[in-house]
Amino acid sequence: MKFLTLLKKELKELLNFQTILTMVMMLVVLSILGEFMGGAMEESADSQAGTVAICDDDKTEFTADLINQIELSGYTIEMKENTSEDKAQLLDDADTDYLIIIPQGFTQSILEEKKTVDIEYISRVNNASVMSAVDSMDSASAVAIIQDAIFTTVMTGQYGIAIDELEFISMPVGVDEYTVVKDKSANASSAQIQSHMMSQSMLIPIVVFVLVIMASQMIINAVATEKLDKTLETLLSAPVSRFSVLGAKMTAAAIVALLNALVYMIGFGNYMKSITDMQGDLAAGTQATESVIEQLGLNMGMTDYILVGLQLFVSILISLSVSLILGALVSDAKETQTMILPITVLTMIPYMMSLFIDINTVEPAILRYVAWAIPFTHTFTAISNISFGNMGIYWAGFAYQIVFLAVCMFFAVKLFTSDKIFTISLNLGQKKKFKKNTK
Amino acid sequence: MVLEVKELSKQYSKVLAANKVSFSIEEGEIFALIGPNGAGKTTTIRMISTLIKPTGGDAIVAGFSAVNEPARVRENITYLPDEAGAYKNMTGNDYLNFMAGIFTTDLDKAREYVKRAQEICGLGERLEDKIGSYSRGMIRKLLLARAVMTRPKLAILDEPTSGLDVINAIEIRKLIKRLASEEKMSFLLSSHNMLEIEFVSDKVGIISKGKLHVVGKPCELKAKYGCDNLEEVFEKVVNSDEVSDIA
């Protein structure tokens, strides 16, 4: 009963108007962002496949055929005039962000002199965003378009080769790609699998990162504020056990953290859905990735999600117990923000590593052991371990997390049930100042 | 006897914060522990409140040992720390309801505690406002009302009027005196304010460097040291302690 009173109070403190508003805003922003990103991808995909801006300075029958051939390949051609030597001015006048210029003498070089000739390609960089890179066509693509058109025009026009034959000449070798995962194989490209797995497992590391930091911040603030305001002394001198006070704080922080997780999962799920739906639409006609994933045994079932959730929950509990100790070390309101630093660093390392490398196989081995020693690492790699059947690593990681949690809890309980909760502090700044003054 | 402190000691790694402190408090008595900063007042009070464990001696509160039965001791005391705050996001009423729920699981009893605290603090409609909007004096009144609402056998108040203006301080002193005389509640106070101690307390203990030097009624101590007021007694006791240390 008293525990419930304490829990209610802790929940009221943590779930105030600001935190609820933040959660709602996060949900709305992520959903809107997903719609926006999906729309932007669709638009860029349209623009990539759709339009090619060309300025024909050669103006021969051959270049006209060439442009006609590009149009026949499915592109919309926008013909532009070469109005200026200044490239920026030229793009401005042409009202485009990229332009292919076929130079004078192009036909003569190709057909008569049989010499390689440079086309000019101008593109504008407006910003450094990922989407801007997707929006613009690179020079290799521009050259490929022209080369394909030249190949077709020359072969059919000059040498009278039929289109069917031409297809064989241009691509005599095809590829039937298989991907193997453990003992299963599927008729699909590894790039296709990796792309899908990445989009699927992108959500968990972000949720883990946000949750661990958020839960830690909450508990550090809660303990530090109670200690600095001396409300902790009032509570602990009241007829209620210290375990109840400690337990209520941890339970409330865990509930709020999981609530946040749920909101993030829904919001990020919406965000990812908008993007993957778009990717699905774009990839229509290729082999269905979902069935390939299932064939390879990489799909996640309910049990798998429970296993991921289990490690996530243990990670939160670890961060909460470490934060209890860190919160108790605070002796000044300003230190509260600094105290989160050790947890941020320990979360950031496996987060970044899991995004770029496979932690389980990284070399030199010392890097792997350092990463595994961080308890949060195992949650970051949970999806990958479960999907690829590395259950030995999963359970070893889980056992390590439990031991780590038990040790942290032992120290947190020891601190809370001893005198140290009132006397311990870091006082780093003051110690430095003191040493300076005594020199 | 409500409190009997027997040779209570606390040794931190290098500091002896309390050195065999002994005194007692009768029912309805107001006992003041006075001493300079770092004298060991708060350490002694925290040991009696069961917040920290003594390294020697014991404090018996309403027949229960602070060392062996801390949970029973906490049922008979309330503690108001020096410069304590309250939960800023709660309203005054929320805070009183929460604290009442900590002291009892009986809803009727809890309601009675809250009603009593509402009357004692005199904050009226402001109890519906968030504590974050209260002045220091209002917070202190609220906390004091919380400390006495359960009618504890012993209320331990560390610097009960520190940082308060004259009017608020007088109100709080009057309240302590009234509760002791009318409701036979016992108080253990600590303070730097000698005038306050002289006015409010029945018995005084002067502590310095962890050692309780003298205990007695203010008038007895004044006569013993030939002083006009408690401030001079305090000065003489503390200075003699420093002289004996040098010697």
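Quick summary incoming for the structure in this document. (Residues numbered from 1 in each chain as written. Chains lettered and ligands numbered in written order. Predicted model: local features only at pLDDT ≥ 70, side-chain atom pairs only at ≥ 80, totals over all residues.)

1. Description of the overall build of chain B
Counting its regular elements, chain B contains 9 helices and 10 strands. Relative to the compact-globule value of 18 Å for 247 residues, chain B shows a C-alpha radius of gyration of 18 Å, a close match. Dimensions of chain B along its principal axes, counting C-alpha atoms only, are 60 × 40 × 35 Å. Relative to its full complement of 247 residues, chain B shows a buried share of 47%. Once local pairs closer than 6 in sequence are excluded, the contacts in chain B between residues at least 24 apart make up 67%. (Helix = DSSP H or I, 4+ residues; strand = E, 2+ residues; numbered from the N terminus. Rg over C-alpha atoms; globule rule 2.2 N^0.38 Å. Buried ≥ 20, exposed ≤ 12 C-beta atoms within 10 Å, placed from the backbone. Contact = placed C-beta atoms within 7 Å.)

2. Concerning the overall build of chain A
Secondary structure assignment for chain A yields 22 helices and 6 strands. Among the 439 residues that make up chain A, the fraction classed as buried is 31%. A fraction of 78% describes how many contacts in chain A between residues 6 or more apart in sequence connect residues 24 or more apart.

3. Quick word on the environment of Met194 of chain B
All names here are of chain B. With respect to the helices and strands, Met194 occurs in helix α7 (residues 194–200). C-alpha of Met194 to C-alpha of Lys10: the two residues are 184 residues apart in sequence and 26 Å apart in space. If near-sequence neighbours (up to four positions away) are discounted, Met194 is found in contact with Asn229, Leu230, Glu231 and Phe234.

4. Topic: unusual backbone geometry
The step from Glu363 of chain A to Pro364 of chain A runs through a cis peptide bond, and the omega angle for that step is 0°. Within the element layout of this structure, Pro364 of chain A appears in the loop between α16 (341–356) and α17 (365–373). Positive phi values are uncommon outside glycine, yet Lys20 of chain B reaches one of about 50°. When you line up the elements, Lys20 of chain B lands in strand β2 (residues 16–25). For Lys20 of chain B, a count of 15 C-beta atoms within 10 Å translates into the label partly exposed. The phi dihedral of Ala62 of chain B is positive, around 50°, even though this residue is not glycine. With respect to the element layout, Ala62 of chain B can be found in the loop between β4 (56–61) and β5 (64–65). Taking the number of C-beta atoms within 10 Å as the measure of exposure, Ala62 of chain B has 17 and is therefore partly exposed.

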